[in-house]
Amino acid sequence: MAERYDLAIIGAGAAGLAAAQYGARANLKTLVIEEMAHGGQALLIDTLENYPGIVEPISGYDLAERMRAQAENFGAQFLAASVHAVKKAEGYFVLETSEGAVESLTVVVATGAQHRHLEIPGEDAFIGKGVSYCATCDGPFFKGRKMLVVGGGDAACDEAMYLSKLTSQIVMIHRRDRFRAQKALAARVLANPSIEVRFNTVAREIRGDSKVRSVVLENLQTHEIYEEPFDAVFVFIGSNPRIDFLKDTGIALDEAGYIITDCTMQSSIPGLFAVGDVRATPFRQIVTAAADGAIAAHAASMYIDELKGQAYH
């Protein structure tokens, strides 16, 4: 028979690690399943300076190491494996993993989302060296510098507006002839004197040495190709939540494919919670992901008490 847990957490980013700490501290038998390195998107952050209480900036890697050690110290267990499917049977969730089946009374999905990439030369090489997918994370490093924003949806417009507070040199490109963002948001961008918008334009290559120096752009109407100097490239062309293993569960998703939760982080499936970037949320930061994890672990503990008839009323 598969080993049974009170709380199984899929994903070891900030949200998953926070859930692990709070679950283990609540005396739940807690397992964290991660197929790659623990830390998630935080591992891409070279200098983290906006996490509450951490005055001296640290790397995302160092924060993840501390969070894992903390969770382990409270008794959380870790398993290096991929989760292929989640099913519910006889009161337990059964997680089919690359290392065998795991059974748990509750599940927290903390698998995050993958930023869509431009898939152009230089993009991967300069991630963390001028190429970013998070304006609030990395924008302050380029204060007063020239930045390129790629995208035309709500996120791209929101992030461009944020970056325009840091510099008056924003160029925003979109491959279509108009934004797909909400009209009011698009109008604010177009009226912003710090943002130069170029429609029908795409990035073809990112160039640099130890960091981004320029971008090769193409005007899709005239087919003119030109190189222009930039200090940073911010890419906001959407992201894909990593939830393939839930495809047969019938879990409720929003229009973009993110898991819909209530205020306790519980999904439409009782006992299954979603936290961090994988859920429908208006703001994606390490601090909000950690808060999600803490709330979900607390809610999972109360859910288990209800199952066992031990709820405090």
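So, a few notes on the structure that sits alongside this text. (Residues numbered from 1 in each chain as written. Predicted model: local features only at pLDDT ≥ 70, side-chain atom pairs only at ≥ 80, totals over all residues. Heavy atoms only, no water.)

### Comments concerning the pairing of strand β5 (residues 92–97)
Note the threshold: Any two strands between which DSSP finds at least two bridges are classified as paired. Helix and strand definitions here come from DSSP, where helices need a minimum of 4 consecutive H or I residues and strands a minimum of 2 consecutive E residues; each element is numbered from the N-terminal end.
Note: strand β4 (residues 83–89) against β5, six bridges, orientation antiparallel. Among the inter-strand pairings, A89 is bridged to a residue of β5, identified as Y92. Taken together, β4 and the strand that follows it, β5, pair antiparallel across an intervening segment of two residues, in which E90 is found at a positive phi of about 55°. Pairing of β5 with strand β6 (residues 100–109) involves five bridges; the strand directions are antiparallel. Note that in β6 the partner of T97 across the bridge is G100.

### Things to note about unusual backbone geometry
Phi is positive for N27, which is not a glycine, with a value near 65°. Along the chain, N27 turns up in the loop between α1 (14–25) and β2 (30–34).

### A word on the state of the cysteines
What counts is decided by this rule: Disulfide assignment relies on a single distance test, namely cysteine sulfur atoms paired within 2.5 Å. Burial classes follow relative accessibility: with a 1.4 Å probe on protein chains only, a residue under 20% of its type's maximum area counts as buried, one over 50% as exposed, and anything between as partly exposed.
The full count for this structure, using the stated rule, is one disulfide. Each sulfur of the disulfide joining C134 and C137 lies 2.2 Å from the other. Residues C134 and C137 are joined by a disulfide whose S-S torsion is about 70°; by sign, that bridge is right-handed. Note on accessibility: C134 and C137 belong to one class, buried. Looking at C157, it has no disulfide partner, and the nearest cysteine sulfur is the one in C134, 17 Å off.

### Details of the environment of D231
Formally: Two residues form a contact once any of their heavy atoms are found within 4.5 Å.
Within the secondary structure, D231 is located in the loop between β14 (225–229) and β15 (232–235). Sequence separation of D231 and V212 is 19 residues, and the distance between their C-alpha atoms is 5.7 Å. Contact partners of D231, with chain neighbours within four places excluded, come to G130, F142, R145, K146 and V212.

### Some words on α1
This is how it is decided: By this rule the span expected of a helix is its residue count minus one, scaled by 1.5 Å.
Look at α1: 17 Å from first C-alpha to last across 12 residues, which is about the 16 Å you get at 1.5 Å a residue. Counted residue by residue, α1 has 10 buried out of 12 residues, so it is predominantly covered. Of the residues making up α1, those classed as buried are A14, A15, G16, L17, A18, A19, A20, Q21, G23 and A24. Next to the buried residues of α1 lie β1 (4–10), β2, α2 (60–73), β3 (77–80), β6 and α6 (286–307). Backbone geometry just after α1 places N27 at a positive phi near 65°.

### Some points on the sheet that holds strand β13 (residues 212–219)
Our working definition: To define axes, lines are fitted to C-alpha atoms, for helices over the stretch in contact only, and angles between the resulting N-to-C directions are given on a 0 to 180 degree scale.
On the basis of which strands lie adjacent, the open sheet formed by three strands has the order β12-β13-β14 and antiparallel pairing. With one partner strand each, in any of the chains shown, β12 (201–208) and β14 form the two edges of the open sheet. Shown here is a sheet whose adjacent strand axes are inclined to one another by a mean of 25°, direction ignored.

### Re the nonpolar core
For clarity, the cut-off: As used here, the term nonpolar core means buried Ala, Val, Leu, Ile, Met, Phe, Trp, Tyr and Cys residues forming a set that is joined through side-chain atoms within 4.5 Å.
Ranked by size, the top nonpolar core spans 37 residues in total, and within it L7, I9, L63, V108, F273, V275 and I286 carry the most contacts. When residues of this core are assigned to their parent elements, the largest contribution, nine residues, is made by α6. Excluding anything up to four places from it in sequence, F273 contacts T106, V107, V108, V109, T264, M265, Q266, S267, A296, A299, A300 and Y303. The next biggest cluster of nonpolar side chains, apart from the first, holds 22 residues, and it includes L31, V102, I251 and I269.

### What about the sheet that holds strand β11 (residues 195–199)?
Taken together, the five strands give an open sheet; going across it, the order is β8-β15-β9-β10-β11, and neighbouring strands pair in parallel fashion. Pairing within the sheet leaves two strands with one partner each, and these edge strands are β8 (131–132) and β11. As paired strands, strand β10 (residues 170–174) and β11 are joined by five bridges and run parallel to one another. From the neighbouring strand, I170 faces β11, where its bridge partner is I195. Helix α4 (residues 154–163) contacts β9 (147–150), β10, β11 and β15 of the sheet and is inclined by roughly 165° relative to β9.

### Regarding the packing of aromatic side chains
The geometry of two aromatic rings is summed up by the distance between their centres and the angle between their planes. What counts is decided by this rule: For Phe, Tyr and Trp, rings pair up if their centres lie within 6.5 Å, where Trp contributes its six-membered ring, and each pair is then called stacked (planes under 30 degrees apart), edge-to-face (over 60) or tilted (otherwise). The rule is short: NZ of Lys or CZ of Arg within 6 Å of the ring centre and within 35 degrees of the ring normal puts a charge over the ring.
Inspection of the entire model under this criterion finds three aromatic pairs. With a centroid separation of 5.0 Å and an interplanar angle of 70°, the aromatic rings of F179 and F199 are classed as edge-to-face. Within this pair, whereas F179 is found in the loop between β10 and α5 (183–191), its partner F199 is found in strand β11, the two being separated by 20 residues in sequence. By relative accessible area, which is 11% here, F179 ends up buried. Consider the rings of F234 and F236, whose centres lie 6.3 Å apart with planes at 15°: the pair is stacked. Across this residue pair, the class does not change: F234 and F236 are buried. The ring of Y22 has R25 lying over it, and the distance from NZ or CZ to the ring centre is 5.9 Å. One residue, K29, lies across the ring of Y5, its end atom 4.9 Å from the ring centre.

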